[in-house]
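Now for the letters of each chain:
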Amino acid sequence: MYAALRTERTGLRIALLASDPELYSNRRLLEAGEERGHRMEFLNVKQCYMRLDPQNPEMHYRGGNVLERIDAVIPRIRPSVTFYGCAITRQFESMGIRVLNAAEPIKRSRDKLLASQLFVRHGLSMPVTGFASSPLDTKDLIKMVGGAPLILKLLEGAQGRGVVLAETQKAAESVINAMKSLNANLLVQEFIKEAGGKDLRCFVIGNKVVSAIERTAAVGDFRSNIHQGGSAQAVRIRPEERKLAVAATRALGLDVAGVDIIRSERGPLLLEVNSSPGLEGIETATGKDLAGQMIQEVERKLGWVRSCSTPALVAV
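A. Representation of the confidence of the model for the protein chain in the model. Scored by pLDDT, the protein chain has a mean of 88; 87% of the residues are at 70 or more. Low pLDDT, under 50, characterises residues 1-8; the stretch is placed with 29 contacts to residues that sit more than four places away or in other chains. Predicted confidence is poor over residues 308-312, with pLDDT under 50, and the contacts of this stretch with residues over four places away or in other chains come to four contacts.

What follows is the structure, given as structure tokens:
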């Protein structure tokens, strides 16, 4: 293990493990770390490779460079590279390097079925959800979640992609059976009509909700994701919503998460937890420096303290 704290004068060496250095969230994290006096380094996930050796584990980077003396890693792994990205993150962990979101929690968050099962195990409120393998069970699957309209979610979907609203029984059966014929796995979930195309994105850092927005779907769409044309505004969430967001993050074991919640007649319902939540929409809507707060959480995990006063995380 070679992770070592830097002196207060030189700061920490923090690596951002991602795919695109120009992405807003990645640029903000690099800038925020540098502003707090740290040496920030961008590592392309696919250009990292590892040496598995119990006596001398190593992480190499394209060109033959051995990555040494890194204090912490912030994984920002795209869904398309989850397997390899988690393998790289796990290698950093085995070398004693602190990570802001470990490999196993990231994997749990990316598996919508496993995540849903963990939420149920922890008694967290969520829309009734069904999953089956055989097309012979399609009719009963639809019935068990309350019938049409209903939501269909591909297990590997992200940012609203792979999510379909089936408004009739026939449409639901057709989509489900078509997806199964392509060997695609999907969840069937009850449609919460009273949500009105709105949801909450709660940004959780270190078991605190530090910011929240309400997202509204674009006209003619039911998905409130900003990537799908939705809009966002800052919102003050209710105590039960804050509690649900923190509990969902803990259920998966994440340090940082974007937790999606909808308001229903039976209270807040958990939709999804994102282990690499985007910063652009929520920072723009709230004016908060969430990238800086993520760097602050890295400092906290490492026990690194600046001589000047450092603001604490503030719950919303």
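B. Highlighting the nonpolar core. Membership of the largest hydrophobic core comes to 25 residues, with the highest contact counts inside it found for Ile14, Leu29, Ile74, Phe203, Leu279, Met294 and Val298. The set of elements that each furnish at least two residues to this core consists of strand E1 (13-18), helix H1 (24-35), strand E6 (72-75), strand E12 (198-205), strand E13 (208-216) and helix H9 (290-302). When residues of this core are assigned to their parent elements, the largest contribution, six residues, is made by H9. Judged by nonpolar contacts, the second largest core, of 23 residues, contains Phe119, Met126, Cys202 and Ala251.

C. Broad picture of the pairing of strand E15 (residues 256-264). Counting buried residues along E15, eight of its nine residues qualify, which places the element largely inside the surrounding structure. Remark: two residues form the turn of the hairpin made by E15 and strand E16 (residues 267-274), two consecutive strands paired antiparallel.

D. Representation of the side chain of His38 in the model. Here His38 is to be found in the loop between H1 and strand E2 (39-44). A distance of 2.7 Å separates polar atoms of two side chains, one belonging to His38 and the other to Glu299. Excluding residues within four positions of it along the chain, His38 makes contact with Gly11, Leu12, Ile14, Gly33, Ile295, Glu299 and Trp304.

E. Molecular detail of the packing of helix H4 (residues 112-121) against helix H7 (residues 239-252). Contact geometry for H4 and H7: axes closest at 10 Å, N-to-C directions at 115 degrees. Crossing of H4 against H7: the hand is right-handed. Two secondary-structure elements touch here, H4 through Ala115, Leu118 and Phe119 and H7 through Ala248, Ala251 and Leu252. Looking at the contact of H4 with H7, its residues break down into six nonpolar, no polar and no charged.

F. Examining the pattern of salt bridges more closely. A complete count under the given rule lists 19 salt bridges for this structure. In this structure, the salt-bridge partner of Glu190 is Arg266, at a minimum N-O distance of 2.3 Å. Taken together, the residues Glu190 in strand E11 (residues 186-190) and Arg266 in the loop between E15 and E16 connect sequence positions 76 residues apart. By sharing partners, the salt bridges in this structure join Arg28, Glu31, Glu283 and Asp289 into a single network.

G. Quick look at the sheet that holds E1. Read from one edge to the other, the open sheet built from four strands follows the order E2-E1-E6-E7, with strand pairing classed as parallel. Of all the strands in the sheet, just E2 and strand E7 (98-99) have a single pairing partner and so form its edges. Both E6 and E7 contribute to a ladder of two bridges, which runs parallel. When the sheet's bridge partners are listed, Val73 is paired in E7 with Val99. Together, E1, E2 and E6 form the strand contacts of H1, whose direction differs from that of E2 by roughly 155 degrees. Lying on the sheet, H9 is in contact with E1, E2, E6 and E7; it crosses E6 at an angle near 140 degrees.

H. Structural context of empty space enclosed by the protein. Taken as a whole and judged by the stated rule, the model has one cavity of 30 Å³ or more. As a volume, the largest cavity reaches approximately 100 Å³. Elements supplying a minimum of two residues to the lining of the largest cavity: H4, E11 and E16. Here the lining of the largest cavity is composed, by residue class, of six nonpolar, three polar and three charged.

I. Looking closely at unusual backbone geometry. The linkage connecting Ala148 with the following residue, Pro149, adopts the cis geometry, with an omega of -5 degrees. For Arg69, which is not a glycine, the phi torsion comes out positive at approximately 55 degrees. Position of Arg69 among the secondary structure elements: in the loop between strand E5 (65-66) and E6. Taking the relative accessible area as the measure of exposure, Arg69 reaches 51% and is therefore exposed. Even without being glycine, Asn207 reaches a positive phi, approximately 65 degrees. Along the polypeptide, Asn207 turns up in the loop between E12 and E13. For Asn207, a relative accessible area of 35% puts it in the partly exposed group.

J. Representation of H9 in the model. Between its terminal C-alpha atoms H9 stretches 19 Å, which fits the 18 Å expected from 13 residues at 1.5 Å a residue. Most of H9 is tucked away, with twelve of its 13 residues classed as buried. Along H9, the residues classified as buried are Leu290, Ala291, Gly292, Gln293, Met294, Ile295, Gln296, Glu297, Val298, Glu299, Lys301 and Leu302. For H9, the N-terminal capping position is held by Asp289, with its side-chain oxygen 2.8 Å away from the main-chain nitrogen of Gly292. Trailing H9 by a residue or two, Gly303 shows a phi angle of about 70 degrees, which is positive.

Procedures and definitions
Going along each chain's sequence as written, the residues are numbered from 1 onward. Under the rules for a predicted model, residues below a pLDDT of 70 receive no local features and side-chain atom pairs below 80 are neither given nor counted, while totals for whole chains, interfaces and linings still include all residues. Heavy atoms throughout the structure, all of them, feed into the side-chain values; hydrogens and water do not. pLDDT expresses, on a scale from 0 to 100, how confident the predictor is about each individual residue. Contacts between residues were defined by any pair of non-hydrogen atoms, one from each residue, lying within 4.5 Å. Think of a nonpolar core as a cluster: buried Ala, Val, Leu, Ile, Met, Phe, Trp, Tyr and Cys residues, connected wherever their side-chain atoms sit within 4.5 Å. The rule is simple: take the accessible area with a 1.4 Å probe, protein chains only, and divide by the maximum for that residue type; under 20% is buried, over 50% is exposed, in between is partly exposed. Per the convention used, a helix needs a DSSP run of H or I reaching at least four residues, while a strand needs a run of E reaching at least two, with both numbered from the N terminus. Any two strands with at least two DSSP-identified bridges between them are counted as paired. Polar contacts here mean pairs of N or O atoms no more than 3.5 Å apart (in protein, one a potential hydrogen donor and the other a potential acceptor; neighbouring residues in sequence count only if both atoms are side-chain atoms). Angles here are taken between N-to-C directions and fall from 0 to 180 degrees, while the axes themselves are lines fitted to C-alpha atoms, restricted in helices to the stretch in contact. Note: crossing handedness is left-handed where the near helix turns anticlockwise from the far helix by less than a right angle, and right-handed where it turns clockwise. Gly counts as polar in this scheme, as do all residues outside two lists: the nonpolar Ala, Val, Leu, Ile, Met, Phe, Trp, Tyr, Cys and Pro, and the charged Asp, Glu, Lys and Arg. Any carboxyl oxygen of Asp or Glu within 4 Å of a side-chain nitrogen of Lys or Arg constitutes a salt bridge here. Within this scheme a cavity is a closed region of a 1 Å grid, computed over the protein atoms alone, that accommodates a 1.4 Å probe without allowing it to escape, whereas a pocket is open but has protein on both sides within 12 Å along at least five of seven lines; lining residues each have an atom within 4 Å of a point. Grid points are joined across faces, edges and corners, and a volume is the space filled by probe spheres set on the points. Given the number of residues in a helix, its expected span is that number minus one, multiplied by 1.5 Å.

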